[in-house]
Amino acid sequence: MSAANSLMSEDQFLCSICLDVFTDPVTTPCGHNFCKHCITEHWNISDQYLCPMCKKVFKTKPELYVNTLFSEMVAQFRQLAQQEVSSSSSEQQVSKPGEVPCDVCTGTKLKALKSCLVCLVSYCETHLEPHLTVSGLKRHQLIGTVLDHKAHDVVPLREEYDGKKAELRKTEAEIQQMIQKRRLKIEEIKQSVRLSKENADREIAEGVQVFTSLKESVERGLDELIKTIEEKQKTTEQQTEDFIKELEQEISELMKKSTEVEQLSRSEDHLHFLQSFSPLKDVPTTKDWTEVSVPPASYEGTVVRAVAQLEETLSEEMKKLIEAELKRVQQYAVDVSLDPDTAHPKLILSDDGKEVNHSDVRKTLPDNPERFSSCVSVLGKQSFSSGRFYFEVQVKGKTEWDFGVARESISRKGKIALGPKNGYWTIWLRNGNEYRALNDLVVGLFLKSQPQKVGVFVDYEEGLVSFYDVEAAALIYSFTGCSFTEKLFPYFNPGLNDDGKNSTPLIISCQSH
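Let me begin by describing the structure that accompanies this report. (Residues numbered from 1 in each chain as written. Predicted model: local features only at pLDDT ≥ 70, side-chain atom pairs only at ≥ 80, totals over all residues. Heavy atoms only, no water.)

## Focus: the sheet that holds strand β5 (residues 114–116)
Defined as follows: Should DSSP find at least two bridges between two strands, the strands are taken to pair. Strands are runs of DSSP state E lasting at least two residues, helices are runs of H or I lasting at least four, and both sets are numbered from the N terminus onward. Here, axes are lines fitted to C-alpha atoms. For helices the fit covers the stretch in contact, and angles between N-to-C directions go from 0 to 180 degrees. The contact criterion used is simple: two residues touch if any of their non-hydrogen atoms lie within 4.5 Å.
As summarised here, the arrangement of the three strands in space is β6-β5-β7, forming an open sheet in which the pairing is antiparallel. Both edges of this open sheet fall to β6 (121–123) and β7 (142–144), since each of them pairs with a single strand only. Neighbouring strand axes in the sheet, compared pairwise and without regard to direction, differ in orientation by 30 degrees on average. Sheet analysis places β5 next to β7, joined by three bridges and oriented antiparallel. Note that in β7 the partner of C116 across the bridge is L142. Helix α4 (residues 125–133) rests against β5, β6 and β7 of the sheet, and its axis sits at about 110 degrees to β6.

Shown next, in the form of structure tokens:
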């Protein structure tokens, strides 16, 4: 539009509402020009009469004026623009590489003159005509192509449209995938809650069963205790009644004899007295009651024996519970092997990484940061930062050991103090029969039997580390309320060789199920 532009720039003839060349331009009282239809519609949908250009507010709907001079200039601009488009018709060229082609042309693609930001299509002169003559299309915003973007990399509008649409489809696919993942996570969480509910229901059912059984045992033990005491008291009372009855019988016979003696002693008949004297002179033969007694019934030990019986019943129930619990935690068994990069130089590890024992010979090994330098310890290769896991360690024949789990950031150099505050959750054996739990305060463990195989169970989220005597199905010790914030590793220390007394290795015996 060189001719039009020589008179005035195109921007001066664009309505600020529709961004197209003015159609029936009118002027507001504040002096700004708009298409008559545009400003009328703008005020119809607005709650106040405001100039879109200067924002001046009118109390009443302003009267619109036709600026004759401006209208003529717009008409002249339109005519010159149309002439320029017409004059270029003979100069239409086939689109060259780097030029924007017409998206509507079929066959040979002509060079586009304008691109429509509403239709997202580029047009050659011929196919641009409707946008210049049809009233509905005249409102669309057109932009130049190559001439307006000489410094830009230019691509056909349709090509760019298709490319961006493909990007949107990819974005949509990614969003849908993210949605699907989150839906799956919701189902996973719901399933976790369902499993938790099932576990809770099972625990409640087992608890009700056990405590009902204990309650019945207590009630039964109490009934038996009362019955035993009452029967003992009844036996004592019966024995007392028999003694009293026998004594009263003897008293009756003695009183009868006493009466006869008294009567004879008052007799004045010498002959009768002498005749009766011999039968009455002797005291009747009776039982010697000197050593006879009825001591109060003794109930010492009766209650103690009843409680001992109850304790035995409780122990049996506890054993059943621990057996069931042990079976459940064994479902979380993992395959643990020893990490040679962490092993103290005097430790001997088996080729399969399942056994470790202490040797008096120190191997020459690199002193890497992961390796224990003073304590004869070693970590497992596997680490755990969530969920539950379980493994077993054979300790048969050993007189000293300690093991459990440790966090990744533990100190591995120099002297080590075991305990949760230092990142260790372990138990140990010393002197063949002294068991301890290495809590922040050392806890003595008094076990009914020496474990031959110890199970270690960890519930990361619950903050629980439990040790079990596998063969006796007994709980040895539990660390509860732990706060785990980093990776946990199985930890092992077979103890010193002690001149062969403790040469038996620790053996990781549990494989994953």
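## Structural notes on helix α8 (residues 302–330)
Note the following rule: Helices are assigned an expected span. That span is 1.5 Å times one less than the residue count. Under the scheme applied here, a residue whose accessible area is under 20% of the maximum for its type counts as buried, over 50% as exposed, and between as partly exposed, the area being computed with a 1.4 Å probe on protein chains only.
For α8, spanning 29 residues, the distance from its first C-alpha to its last is 42 Å, which sits close to the expected 42 Å at 1.5 Å a residue. Residues of α8 that are buried include every one of T302, T313, E317, I322, L326, V329 and Q330, and no others.

## Notes on the environment of D24
Looking at the secondary structure, you find D24 in the loop between α1 (2–7) and β1 (25–27). It is 17 Å that separates the C-alpha atoms of D24 and P52, two residues lying 28 residues apart in sequence. If we skip the residues at most four places from it in the chain, D24 touches F34, C35 and K36.

## Looking at the layout of surface pockets
Our working definition: The method works on a 1 Å grid over the protein atoms by themselves. A cavity is a set of points holding a 1.4 Å probe that cannot get out, a pocket is an open set with protein on both sides within 12 Å along at least five of seven lines, and residues with an atom within 4 Å of a point line them. Grid points are joined across faces, edges and corners, and a volume is the space filled by probe spheres set on the points. Residues are grouped as follows: nonpolar covers Ala, Val, Leu, Ile, Met, Phe, Trp, Tyr, Cys and Pro; charged covers Asp, Glu, Lys and Arg; every other residue, Gly included, is treated as polar.
Roughly 690 Å³ of volume is contained in the second largest pocket. As for the second largest pocket, its lining consists of 17 residues, of which N199, R202, R388, F457 and D459 are closest to the centre. Elements represented by at least two residues in the lining of the second largest pocket include exactly α6 (157–265), α8, β16 (453–459) and β17 (464–469). Considered class by class, the residues forming the lining of the second largest pocket number five nonpolar, four polar and eight charged.

## As for a negative patch on the surface
The following threshold applies: Residues qualify for a patch when their relative accessible area is over 30% and they have no salt bridge, like charges being joined within 9 Å and the nonpolar side chains of Val, Leu, Ile, Met, Phe, Trp and Tyr within 5 Å. All accessibility values rest on the Shrake-Rupley procedure with a 1.4 Å probe; residue burial counts only the protein chains present in the view. Salt bridges, as used here, are contacts in which a Lys or Arg side-chain nitrogen is within 4 Å of a carboxyl oxygen on Asp or Glu. When charges are counted, neither His nor the chain ends are considered; positive counts come from Lys and Arg and negative counts from Asp and Glu. Every charge is mapped to an atom, namely NZ of Lys, CZ of Arg, CG of Asp or CD of Glu.
Taken together, the side chains of E216, E219, D223 and E224 present a region of like negative charge at the surface. On the secondary structure map, E216 appears in helix α6. Classification of E216 by relative accessible area gives partly exposed; the value is 43%.

## Observations concerning the pattern of salt bridges
One pass over the structure, following the stated rule, counts 12 salt bridges. With a shortest N-O distance of 2.3 Å, D335 and K354 are connected by a salt bridge. Of this pair, D335 sits in the loop between α8 and β8 (347–349) while K354 is found in the loop between β8 and β9 (355–358), placing the two residues 19 residues apart along the sequence. Among the residues examined, D335 registers a relative accessible area of 34% and is labelled partly exposed.

## Brief notes about the packing of aromatic side chains
What counts here: Planes of paired rings set the category: under 30 degrees apart is stacked, over 60 is edge-to-face and the rest tilted, where pairs are Phe, Tyr or Trp rings (Trp by its six-membered ring) whose centres lie within 6.5 Å.
According to the stated counting rule, one finds 17 aromatic pairs in the structure shown. Between Y460 and F484, the ring centres sit 5.4 Å apart and the planes meet at 45 degrees, which makes this aromatic pair tilted. Residue Y460 is located in the loop between β16 and β17, and its partner F484 is located in the loop between β18 (474–479) and β19 (488–493); the two are separated by 24 residues in the primary sequence. Through a chain of ring-to-ring contacts, the aromatic side chains of F13, F22, F70 and F77 assemble into a single cluster.

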